[in-house]
Amino acid sequence: MPQTRVRSEVTGWAARGSSPTAILTRGWGTGLFRGGLAFVAVAALGQAVAFAVNLSQATGVSAGTTAKLGWLYFGWFQHAAVTTRLTPSVGGVPAGSALSSGAGLTANVGLAMMLGTFLAIAILYRGGRAVADRAGGGVGARVLHGIKVAPAYTIPPFVLSGLVSIDIPIPRNGLVTGSLQLQPWDLSWFVLPLLIAAAAGAAGGLRSGRYELISHDPWGRRAAGVIGGGLRMFVLGLVLSFVGLFVLAAVRPGATRTYFETISGPPTDQTTMNIAHHVLLLPNQSMWVLVPAMGGCDGLSGGGVSATFLCYSKVPTTVSVSPEGLTSATPVVQADFAKAPSGYFLFLLVPALSVVLGGRYAASKRARLRWEAVGMGAASGVVFAVLVAVGSWLASVSAGLSSPTGGIPANASVLIGPGVLAAGLLALVWGVLGGGLGGWLGGRKIPPSAQLSGPSSLSRWRTADTA
């Protein structure tokens, strides 16, 4: 039959493209070009932010120093470590503080400004898809082809981090002086860009092979629906968290006015920098809202210290910054806390809507049976949990300290932000239960069992292949 021949030709072409030789040799030119293009685009964004901030300063620095700061922004898009060294100013450090001995404080700080991270992921995703489209093969081969964008994105920053010396002074004040430094050949500048590029490129390769994946009925079709549903849950969670904060800002205009007066107040030449940083950190902000909305907490953990500062049982009511806290045993930020007002529990709608709609999407797109719709919606919650855990880590600030400060001992590693493990477990519960409900809602019109009188799934896929 013609349909059978067409399917055989497609299957044979995929098999030829999936041979070990084809996987090893095809697609490298496109992969290197696309990976290099992503590196240039993300590095250019870092330079643009640095030069925009420098131009807004009353007393700017040289172009060379600004370019080095722009390179640090590239690292901040990947959660790569940047070393911060602080030493006491003359007469500016209280007695008994961490810096009063003159030894100084060194912190290796990791931060991902996630808007830049998402830009990198988007470009690498499209690059991985382009490589896979060009190289061909089955779905597994296409995933491997997509990863070929990683070397050209990963190797340049690691090499430059070893060759370029960066030591940018922190603006002087009456308390401390110091600098931002880049340690040569820091592995975080290799490993983290590699993981981001490999994951994004593999996702692009998987997208390229989606039709071949779906043709493997039923497991391939179900996997495609589960992945799509879990991704939609995560994106909806971030978007609805931002919308929730926007609504809260409209309901509490006084707090909103105070915030904007703070970031735009003196010194006024810092306003552009504050706004630019806030825009780049908007996805981080959404993650810091999404996890507490699910019932988790944002806080500080590590070094024998565990403290929370945002959850339903503990929300800040007043916040004040203590300059002495930078070098003494008292916290830098002092705040009063209380239980969340009843209106804050409306944030429960954020994860609820996200998981139900994501589960419904998975069922409506790929499910063929009613029980299958519920199972696919629930399984989407597992993908959602993985994405929330990874997003929580990216949204957090990690720091390795070499001197005791604020009650944290020396040589301690701390994480400030959503609790990664707790966030993943909460997302798993929300995703499985809510996704199952969404799958049930999306599968109500789907027959409860297979209809033998209708065309078989094999016939349907033969017809699709012919088309």
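Residues numbered from 1 in each chain as written. Predicted model: local features only at pLDDT ≥ 70, side-chain atom pairs only at ≥ 80, totals over all residues. Heavy atoms only, no water.

## Some thoughts on the overall build of the chain
Quick note on the threshold: Each helix is a run of DSSP H or I of at least 4 residues and each strand a run of E of at least 2, with the numbering of both proceeding from the N terminus. Only protein chains enter the accessibility calculation, which uses a 1.4 Å probe; a residue is then buried when its area is under 20% of its type maximum, exposed when over 50%, and partly exposed in between. All accessible-area figures derive from a Shrake-Rupley calculation using a 1.4 Å probe, and residue coverage is judged against the displayed protein chains alone.
Summing up its helical and strand segments, the chain has 17 helices and ten strands in all. Sorting the 467 residues of the chain into buried and exposed places 42% on the buried side. On the chain, roughly 22600 Å² of surface is accessible, and the fraction owed to carbon and sulfur atoms is 69%.

## Comments concerning the packing of aromatic side chains
Applicable threshold: Any two of the Phe, Tyr and Trp rings considered here, Trp counted by its six-membered ring, make a pair once their centres fall within 6.5 Å; the pair's planes then place it as stacked at under 30 degrees, edge-to-face at over 60, or tilted in between. In our convention, an over-ring charge means Lys NZ or Arg CZ found within 6 Å of a ring centre and within 35 degrees of that ring's normal.
Applying the stated criterion across every chain, the model contains eleven aromatic pairs. Where Phe-39 meets Trp-71, the ring centres are 6.1 Å apart and the plane angle is 80°; that geometry is what we call edge-to-face. With Phe-39 in helix α3 (residues 28–56) and Trp-71 in helix α4 (residues 63–76), this residue pair connects regions lying 32 residues apart in the sequence. Of the two residues, Phe-39 and Trp-71, neither departs from the other in class, the shared state being buried. Among the aromatic residues, those joined into a ring-pair cluster are Phe-39, Trp-71, Phe-74, Tyr-153 and Trp-189. Between the NZ or CZ atom of Arg-444 and the centre of the ring of Trp-440, over which it lies, the distance is 5.8 Å.

## Notes on the confidence of the model for the chain
Applicable threshold: On a range of 0 to 100, pLDDT expresses the predictor's confidence in each residue. In this description, contact between two residues means that some pair of their heavy atoms is separated by no more than 4.5 Å.
Of all residues in the chain, 79% have pLDDT values of 70 or greater, and the mean over the chain is 82. Across residues 1–13 the pLDDT falls below 50, and counting only partners more than four positions away or on other chains, this stretch makes 13 contacts in the model. Within the model, the stretch residues 452–459 combines pLDDT values under 50 with three contacts to residues more than four positions away or in other chains.

## Some remarks on the nonpolar core
As a reminder, the rule being used: In plain words, nonpolar cores are sets of buried Ala, Val, Leu, Ile, Met, Phe, Trp, Tyr and Cys residues tied together by side-chain atoms within 4.5 Å.
Leu-72, Tyr-73, Phe-74, Trp-76, Leu-124 and Tyr-153 are the most contacted members of the largest nonpolar core, which has 32 residues in total. Of all the secondary-structure elements, those providing two or more residues to this core are α3, α4, α5 (114–135), α7 (150–163) and α8 (188–208). The greatest single-element share of this core, amounting to seven residues, is contributed by α3. Discounting residues that sit within four places of it in the chain, Trp-76 has contacts with Leu-69, Val-82, Leu-111, Ala-112, Met-113 and Leu-180. Listed in part, the 26 residues of the second largest apolar core include Ala-112, Met-233, Phe-234 and Phe-347.

## Things to note about helix α13 (residues 282–293)
The test is simple: The length a helix should cover is 1.5 Å for every residue beyond the first.
Look at α13: 16 Å from first C-alpha to last across twelve residues, which is about the 16 Å you get at 1.5 Å a residue. In terms of residue burial, α13 counts as a mostly covered element, since nine of its twelve residues are buried. All of the buried residues in α13 are Pro-283, Asn-284, Ser-286, Met-287, Val-289, Leu-290, Val-291, Pro-292 and Ala-293. Just downstream of α13, Gly-295 is the residue with a positive phi angle, here 110°.

## Let's talk about a nonpolar patch on the surface
Quick reminder of the rule: Two distance rules govern patches: like charges are joined within 9 Å, and nonpolar side chains (Val, Leu, Ile, Met, Phe, Trp, Tyr) within 5 Å, applied only to residues with over 30% relative accessible area and no salt bridge. Take a side-chain nitrogen of Lys or Arg and a carboxyl oxygen of Asp or Glu: if they are within 4 Å of each other, that pair is a salt bridge.
Together, Val-382, Val-386, Val-390, Leu-421, Leu-425, Leu-428, Val-429, Val-432 and Leu-433 make up an exposed nonpolar region whose accessible area comes to about 800 Å². Of all the secondary-structure elements, those providing two or more residues to the nonpolar patch are α15 (370–395) and α16 (420–442). Among the elements that line the nonpolar patch, the one with the most residues is α16, at six residues.

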